[in-house]
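So you can see what is in the structure, the chains are spelled out below.
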Amino acid sequence: MSVPVSQMWTVASYVVRQKLARRTRYPLVLMLEPLFRCNLACAGCGKIQYPAHILKRQLSPEECFAAVDECGAPVVSIPGGEPLMHPEIDQIVAGLVARKKYIYLCTNALLLKEKIHLFQPSKYLTFSVHLDGEPEHHDLSVCREGGYDIAVEGIREALKLGFRVTTNTTLFDGADPKSVRAFFDEMMDLGIEGMMLSPGYSYDKAPDQQHFLGRARTRRLFRSILSNRDPKWRFNLSPLFLEFLMGKRDYPCTPWGMPTYNIFGWQKPCYLLQDGYADSFAELMQETEWNKYGTESGNLACANCMVHSGYEASAVDHTFSSLSGFYATVKATLFSRYADDDALNSLDDDDRSLHPPLVQIANVNETLQDMQV
Ligand code: SF4
């Protein structure tokens, strides 16, 4: 089991309460971005490209708590930027633990060993370590040689101290399914709780625009990776979302399921697009024209999107919307092998486009030093 029973119960009872209250739009996970600055400059990231005066800014603990209280979601994901670079991240985490929120602190783990003394192990706190595959693939993805080894060292330290640890992996065009499957084996051998997966989304601020996946390629890639599963693999995701990635079911996007709050306010409509900001969560929910978004809307910005922040909440909602959704979830949990000969044969396809050469963005540390952060 990859998620503690208490967390599953908290999330399930929360969703059932929303259903009983007949709320059609409700938040499941708050994406709380306390800062945009980072100690990496990944080619697929749309954050580190902000100008220096934006990268210097950060949310205070009080601003974080106000957003969490206003939103009410039972789970808070803290991406960034790199949250461990926030000087008050320990106070933010402690305040959220006191509120009994299940926190996923998303980190590249470069600072994890150095800063882990700031935190106490808790069932409410999980370090979600960004690893995009085996060493060569991860280092390529984050444009930092040796990044994988440092992250794994951080994971080992966190596990030794009794913390919950998961990985989060974003897959881009050219990902090698065989290598991704070998990476899953390595992560399970490390002893982490579970793995999160998402296809990449094309940020218009991201420098690498050529290696994002379209929907058909996404389904093909995830079918190759997630069919014929090793029973020891554990995923920290809805099993129906995994079926969605494999092309076994379709969902509309529910961008309100994982709303984003950052230094600009409540981001419309989702973690990926920036069609303005609302001053309050209520304003976000009431004034966003939700029907303009999602693949089914015809919005070109959404045409190829299958990302976790848009579609996992859809899968969770399906689980609790009908007996058939609940049955499908139980079935997908109990029978998760997905034997598929075609997918097995596709592991040896060699028509995948190759990654571009490793791009070292050499001046990140100098830039951060210039900014005195
Ligand atoms: S489809 Fe993707 S980009 Fe569009 S609203 Fe949903 S999550 Fe955002």
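Scoring rules and cut-offs
- Residues numbered from 1 in each chain as written.
- Predicted model: local features only at pLDDT ≥ 70, side-chain atom pairs only at ≥ 80, totals over all residues.
- Helix = DSSP H or I, 4+ residues; strand = E, 2+ residues; numbered from the N terminus.
- Buried ≥ 20, exposed ≤ 12 C-beta atoms within 10 Å, placed from the backbone.
- Contact = placed C-beta atoms within 7 Å.
- Pairing = 2+ DSSP bridges.
- Axes fitted to C-alpha atoms, helices over the stretch in contact; angles between N-to-C directions.
- Expected span 1.5 Å × (residues − 1).
- Near = placed C-beta within 6 Å.
- Nonpolar A, V, L, I, M, F, W, Y, C, P; charged D, E, K, R; others polar.
- Arc of directions from axis to C-beta.
- Core = buried A, V, L, I, M, F, W, Y, C linked by C-beta atoms within 7 Å.
- pLDDT = per-residue confidence, 0-100.
- Parallel < 35°, antiparallel > 145°, perpendicular 65-115°, else oblique.
- Left-handed = near helix turned anticlockwise from the far one by under 90°.
- Right-handed = clockwise from strand over helix to strand, strands pointing away.

So, on to the overall build of the protein chain. Along the backbone of the protein chain there are 15 helices and nine strands. Expressed as a percentage of its 373 residues, the buried residues of the protein chain come to 45%. At a minimum sequence separation of 6, the contacts of the protein chain that also span at least 24 residues come to 76%.

Strand order in the open sheet made by the nine strands is S6-S5-S4-S3-S2-S1-S7-S8-S9, with mixed pairing throughout. The sheet terminates laterally at strand S6 (194-199) and strand S9 (274-278), the two strands that pair on one side only. Taking each pair of neighbouring strands and ignoring which way they run, the sheet shows an average axis angle of 30 degrees. Pairing geometry for strand S1 (residues 29-32) and strand S2 (residues 75-78), over three bridges, is parallel. Bridge pairing in S2 places leucine 30 opposite valine 76. With respect to the sheet, helix H3 (residues 61-71) is in contact with S1, S2 and strand S7 (260-262), its orientation differing from that of S1 by roughly 160 degrees.

Another point: helix H1 (residues 5-20). For H1, with 16 residues, the first-to-last C-alpha span of 22 Å sits near the 22 Å given by 1.5 Å per residue. In the stretch just after H1, arginine 22 is the one whose phi turns positive, near 60 degrees.

Taken together, 15 residues lie near the ligand, and Cys253, Cys270, Cys302, Cys305 and Gly310 sit nearest. Tallied by class, residues from the shell around the ligand come to 11 nonpolar, four polar and no charged.

Another point: helix H7 (residues 147-160). With 14 residues, H7 extends 20 Å from end C-alpha to end C-alpha; this agrees with the ideal 20 Å at 1.5 Å per step. The complete set of buried residues in H7 reads Gly147, Tyr148, Ala151, Gly154, Ile155 and Ala158. Take H7 and look down its axis: the buried residues cluster within an arc of 125 degrees, on one side only. For H7, the exposed residues lying more than 90 degrees away from the buried face are Asp149 and Lys160. Contacts from the buried residues of H7 go to helix H5 (112-115), strand S4 (125-130), helix H6 (135-142), strand S5 (164-171) and helix H8 (177-190). After H7 finishes, the residue glycine 162 shows a positive phi value of roughly 90 degrees.

Take the environment of alanine 52 next. Mapped onto the secondary structure, alanine 52 falls in helix H2 (residues 52-55). For alanine 52, a count of 12 C-beta atoms within 10 Å puts it in the exposed group.

Let us look at the nonpolar core. Within the largest apolar cluster, 87 residues are counted, with the highest numbers of intra-cluster contacts made by Leu30, Leu32, Val76 and Ile103. Not counting the four nearest positions on each side in its chain, leucine 32 is found in contact with Cys64, Ala67, Val68, Val76, Ser77, Ile78 and Tyr261. The next biggest cluster of nonpolar side chains, apart from the first, holds eight residues, and it includes Ala41, Ile48, Val142 and Cys143.

Axes are the key here: two packed helices are described by the angle between their axes and the distance separating the axes. At a closest axis distance of 5 Å, the pairing of helix H12 (residues 308-321) and helix H13 (residues 323-334) adopts a crossing angle of 115 degrees. For the pair H12 and H13, contact is made by His318, Thr319, Phe320 and Ser321 and by Gly325, Phe326 and Thr329, respectively.

Looking now at the confidence of the model for the protein chain. The predicted model of the protein chain has a mean per-residue pLDDT of 90, with 90% of residues at 70 or higher. Counting contacts from residues 353-368, a segment whose pLDDT is below 50, to residues more than four positions away or on other chains yields 19 contacts.

Looking now at the packing of H8 against helix H9 (residues 215-226). In contact at an axis separation of 9 Å, H8 and H9 are set at 45 degrees when each is read in the N-to-C sense. Classed by the angle they form, the pair H8 and H9 counts as oblique. Crossing hand, H8 versus H9: right-handed. Taken together, the residues of H9 that come into contact with H8 (itself represented by Pro177, Val180 and Arg181) are Leu221, Ser224 and Ile225. Within the contact of H8 with H9, the residues separate by chemical class into four nonpolar, one polar and one charged.

Here the focus is the pairing of S6. Of all the six residues making up S6, six are buried; the element is thus mostly covered by neighbouring parts of the structure. Residues Gly194, Met196 and Ser198 point to one face of S6 and Met195, Leu197 and Pro199 to the other, with burial holding for every one of them. Relative to S6, S5 runs parallel, the two being bridged by six bridges. Within S6, the residue paired with threonine 166 across the bridge is glycine 194. For the crossover that starts at S5, traverses H8 and ends in the parallel S6, the hand is right-handed.

Across the two faces of S1 the burial is the same, with Val29 and Met31 and Leu30 and Leu32 all buried. Note: S1 against S7, two bridges, orientation parallel. Its bridge partner being in S7, leucine 32 is matched across the sheet by tyrosine 261.

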